[in-house]
Amino acid sequence: MGRYAPGDVVLADIPMGRACKVRPAVVVSAGEDGTLEVVPLSSRAPADTRSTPIALEDFVEGGLDIFGTSYALTAYPSTIRASAIRGRKGRLTAEALAGIRRPAGKRRG
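Procedures and definitions
Residues numbered from 1 in each chain as written. Predicted model: local features only at pLDDT ≥ 70, side-chain atom pairs only at ≥ 80, totals over all residues. Heavy atoms only, no water. Salt bridge = Lys/Arg side-chain N within 4 Å of Asp/Glu carboxyl O. Helix = DSSP H or I, 4+ residues; strand = E, 2+ residues; numbered from the N terminus. Buried < 20%, exposed > 50% of the residue type's maximum accessible area, 1.4 Å probe, protein only. pLDDT = per-residue confidence, 0-100. Contact = heavy atoms within 4.5 Å. Core = buried A, V, L, I, M, F, W, Y, C linked by side-chain atoms within 4.5 Å.

Asker: Explain the pattern of salt bridges to me, please; I cannot follow it from the model alone.
Answerer: Under the definition given, this model contains four salt bridges. A salt bridge links Asp-8 to Arg-88; the nearest nitrogen and oxygen atoms lie 3.2 Å apart. Here the residue Asp-8 occupies a position in strand E1 (residues 8-16), and Arg-88 occupies one in strand E8 (residues 85-92), the gap between them amounting to 80 residues. You can call Arg-88 partly exposed: its relative accessible area is 37%. Residue Arg-88 pairs with Glu-61 through a salt bridge whose shortest N-O separation is 2.9 Å. Note that Arg-88 is positioned in strand E8 and Glu-61 in strand E5 (residues 59-62), a separation of 27 residues in sequence. What makes Glu-61 partly exposed here is its relative accessible area of 39%. Among the ionic contacts, a cluster of salt bridges with common partners joins Asp-8, Glu-61, Arg-88 and Arg-91.

Asker: Got a minute to help me understand the confidence of the model for the protein chain in this structure?
Answerer: Close reading of the predicted structure is inappropriate where its pLDDT is low. Predicted confidence across the protein chain gives a mean pLDDT of 88, with 91% of residues reaching 70 or more. Within the model, the stretch residues 104-109 combines pLDDT values under 50 with 18 contacts to residues more than four positions away or in other chains.

Asker: What exactly am I supposed to notice about the nonpolar core here?
Answerer: Across soluble globular proteins, you tend to see nonpolar side chains buried next to one another. Counting 13 residues, the largest nonpolar core has Val-9, Val-26, Leu-41, Ile-54, Leu-92 and Ile-100 as its most contacted members. Elements with a minimum of two residues in this core: strand E2 (19-30), strand E3 (35-42) and helix H1 (94-101). Counting residues per element, this core draws most heavily on H1, at three residues. Apart from residues lying up to four places away in sequence, Val-9 is in contact with Ala-25, Val-26, Leu-41, Phe-59, Leu-64, Arg-88, Lys-89, Gly-90, Arg-91 and Leu-92. Of all hydrophobic cores here, the second largest spans 12 residues; its members include Val-10, Ile-14, Ala-25 and Ala-82.

Take a look at the structure:
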C-alpha cells in the first residue's frame, strides 16, 4: 500500500451509485487511519452540479491521458482506503488543489 497526499491524482475504485468504477480522482485529504477523501475527475463538465476545471498546466508532475480540460466533480466527494488506488497519475499545483477544496460555486472551463 502506497502513501498518498493531498494533490495526488490517482486511478481508484470510486463508489458510483451501487457500484465502484475505476476513474481518475484527486486526493483532497489523507487521514492518519489510511482513509483518503477524493473527488472524481471527468472529461466533461457537468451541467447540473459544481465542478472545478483542471488543465494540463495545473500539474506539477505527471498528468492525465487526455489533452483537454478535466473537471473535478467537487459535489461528489468520497472516502476510500488507500488499497482502492490502482495507480498514481501525477500531482496538482497547490493553487489547483486550493480551487478544488474551496470551489467558488459552479465553474466551467
